[in-house]
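Read off the chains here:
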Amino acid sequence: MPASTRNKALLTRSAHAVWHPCTQMKQLETLPLVPVASGKGVWLYDFEGRRYLDAVSSWWVNLFGHANPRINAALIAQLGQLEHVMLAGFTHEPVVELSERLSALAQGRLGHCFYGSDGASAVEIALKMSFHYWRNSGQPGKNEFVSLANSYHGETLGALAVTDVALFKDVYAPLLRNSAQVPSPDARLARDGETCREYARRCAGMLEDHLETHHARTAALIVEPLVQGATGMAMYDPEYLRAARTICDRYQVHLIADEIMTGCGRTGTFFAYEQAAITPDFLCLSKGITGGYLPLSLVMTTDRVYGAFYDDQVARGFLHSHSYTGNALACRAALATLDIFADDRIIAANRAKAIRFSEAARRLAEHPRIKCFRHTGMIWAFEVDTADPMFARRFYAAALARELLLRPIGNTVYFMPPYVITDAEFEWLVGQTLAVLGQCLT
Ligand SMILES: Cc1ncc(COP(=O)(O)O)c(C=O)c1O
């Protein structure tokens, strides 16, 4: 079959047989799917060899490129040993080693890893564990949660209940438990003349006001540390996390760090919370942990939390499970990912890269129709000054035509490329983005 026919045939079959995520399927009539035949490094290829630079790391999961030879080799070796075994009553080398290495990365303070599959399942685990901890500790009334305005924590019912995105949440409101939202420390919301740090402190004050009244019913505060991704890469000062930690301790409320997007070096440190010199009670990790290869998520927690479940009574244990919990292949991909971090000193290398990339992106920052150009670690974002309600869709389509995979969130365009992107590729990304902008703004 000729390549162009293979492209077309796959699109037709997919639109019929696959219900695609986060998609109004009728829109595929005017904005077709992109067929992907293969990937290499930052590039995705269709059957005709048309290429796309994956500037959003395939929904923020890919760190070291598609078809990475080191992760491939580790997976092939693991396939010859063990693909999967249930984790209740059994264990295996990859899951033990991964737990030990992640615990070491958290300075031994989060030494107990509980495994899930996708990010949302980690959020469910953290919420349930927090509530159950308080119940086991004689405070069953602590059964409510607080999150930040404009937060995103996933689509399952518990995760959606602490999410604050109307488009995803409102339809399902009758199914969801209420949660409270406190103001987001998003630096763009600072008053004129107020620094982002001052604004972070002001928001922390509002968190304290909330907990002063509601602490007896509140189990945990859940936050996306430093960057609220899904609602448009809202970046904030680490001071908020520092203050939130102190306030949570004062009112006996857990702090859940949802690092599903911000973890694995994305914000410049391996865990984003490190930049506030704190330790959360629960840490949710997923996405990049397998280098973007396989679904794996986990919740790391403290000796204190673990100890509250350790008992002769079965019902005081955490009886949550998923069939693929701690999958051996996914854990092996995660270990290969951690090896690359260590062997190639990725955190330091990314720091140097980010300085060069920010310089390369200066042309965007200076563009007259671009506002709030900002950067944290390996994430760059800006707002486009346009009243076009179809901007995101038009930009996405125009970017594809210029070999770029970029998915704006509303008027926010962002780059979250795999860490293996080269200086030349980043420079090209900036140039193409300017060209796409020129096209969309006329
Ligand atoms: C901060 C955060 N939490 C949770 C999730 C949900 O993860 P998943 O889509 O793997 O369920 C996401 C996904 O983007 C996220 O960014």
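Look up: the structure comes first, before these words.
All values derive from a computational prediction rather than experimental measurement. (Residues numbered from 1 in each chain as written. Predicted model: local features only at pLDDT ≥ 70, side-chain atom pairs only at ≥ 80, totals over all residues. Heavy atoms only, no water.)

Caption draft 1: Summary view of the pattern of salt bridges. Across all of its chains, the model carries 25 salt bridges by this definition. Taking the shortest distance from any N to any O, the salt bridge between Arg-101 and Asp-339 comes out at 2.9 Å. Within this pair, whereas Arg-101 is found in helix 4 (residues 93–105), its partner Asp-339 is found in helix 11 (residues 328–343), the two being separated by 238 residues in sequence. Residue Arg-101 is classed as partly exposed on the basis of its relative accessible area of 23%. Classification of Asp-339 as partly exposed rests on a relative accessible area of 32%. With its nearest N and O atoms 3.2 Å apart, the salt bridge here joins Arg-201 to Glu-239. In this pair, Arg-201 sits in helix 8 (residues 196–214) while Glu-239 sits in helix 9 (residues 239–250), placing the two residues 38 residues apart along the sequence. (Salt bridge = Lys/Arg side-chain N within 4 Å of Asp/Glu carboxyl O. Helix = DSSP H or I, 4+ residues; strand = E, 2+ residues; numbered from the N terminus. Buried < 20%, exposed > 50% of the residue type's maximum accessible area, 1.4 Å probe, protein only.)

Caption draft 2: How the structure looks around helix 5 (residues 119–136). Between the first and last C-alpha of helix 5 there are 26 Å, a value that for 18 residues agrees with the 26 Å anticipated at 1.5 Å per step. The element helix 5 is extensively covered by neighbouring structure, given that 15 of its 18 residues are classed as buried. The first or second residue beyond helix 5 is Gly-138, which carries a positive phi of 85°. (Expected span 1.5 Å × (residues − 1).)

Caption draft 3: View of the pairing of strand 10 (residues 254–258). Burial analysis of strand 10 places five of its five residues in the buried class, which makes it a mostly covered element. Taking every second residue as pointing to the same face, both faces of strand 10 are buried, with His-254, Ile-256 and Asp-258 on one and Leu-255 and Ala-257 on the other. With three bridges connecting them, strand 10 and strand 11 (residues 282–285) associate as parallel partners. Across the sheet, residue Ile-256 finds its bridge partner in strand 11, namely Phe-282. (Pairing = 2+ DSSP bridges.)

Caption draft 4: Region of the structure containing the sheet that holds strand 2 (residues 43–45). With mixed pairing, the four strands of this open sheet are ordered in space as 1-2-3-15. Each having just a single partner strand, strand 1 (38–40) and strand 15 (404–405) make up the two edges of the open sheet. Note: strand 2 against strand 3 (residues 51–54), three bridges, orientation antiparallel. What sits directly across from Tyr-45, in strand 3, is Arg-51.

Caption draft 5: Examining the sheet that holds strand 10 more closely. Ordered in space as 4-12-11-10-7-5-6, the seven strands form an open sheet in which the pairing is mixed. Whereas interior strands pair on both sides, the edge strands pair on one side only; in this sheet they are strand 4 (112–116) and strand 6 (180–182). Mean inter-strand twist for the sheet, computed between neighbouring axes without regard to direction, equals 25°. Running over the sheet, helix 4 touches strand 4, strand 11 and strand 12 (297–301) and is turned about 125° from strand 4. (Axes fitted to C-alpha atoms, helices over the stretch in contact; angles between N-to-C directions. Contact = heavy atoms within 4.5 Å.)

Caption draft 6: Spatial organisation of the packing of aromatic side chains. This model, assessed by the stated rule, comprises 21 aromatic pairs. For the ring pair Phe-270 and Phe-341, a centre distance of 5.0 Å and an interplane angle of 75° mean the geometry is edge-to-face. Highlighted residues: Phe-270 in the loop between strand 10 and strand 11 and Phe-341 in helix 11, separated in sequence by 71 residues. Here Phe-270 and Phe-341 have matching classes, each one buried. Look at Phe-309 and Phe-318: their rings are 5.9 Å apart centre to centre, the planes differ by 85°, and that puts the pair in the edge-to-face class. (Phe/Tyr/Trp six-rings, centres within 6.5 Å; stacked < 30°, edge-to-face > 60°.)

Caption draft 7: Inspection of the site of the ligand at higher detail. What surrounds the ligand is the set Trp-60, Asp-118, Gly-119, Ala-120, Tyr-152, His-153, Gly-154, Glu-224, Asp-258, Ile-260, Met-261 and Lys-287. In the model, an oxygen atom of the ligand is placed 2.8 Å from a nitrogen or oxygen of the Gly-119 main chain. Within the backbone of Ala-120, one N or O atom sits 2.8 Å away from an oxygen atom of the ligand. Of the residues in the shell around the ligand, the class split is five nonpolar, three polar and four charged. (Near = heavy atom within 4 Å. Polar contact = N/O pair within 3.5 Å; in protein donor to acceptor, adjacent residues only side chain to side chain. Nonpolar A, V, L, I, M, F, W, Y, C, P; charged D, E, K, R; others polar.)

Caption draft 8: Quick look at the nonpolar core. Core analysis: the largest hydrophobic core is formed by 108 residues, its most contacted members being Met-233, Tyr-240 and Phe-426. Of the residues forming this core, the biggest block, 10 residues, is contributed by helix 11. Other than its neighbours up to four places away in sequence, Met-233 contacts Trp-60, Val-227, Gln-228, Met-261, Arg-374, Ile-379, Ala-381, Tyr-414 and Met-416. Formed by 25 residues, the second largest nonpolar core is a distinct cluster that contains Ala-126, Phe-145, Cys-284 and Phe-309. (Core = buried A, V, L, I, M, F, W, Y, C linked by side-chain atoms within 4.5 Å.)

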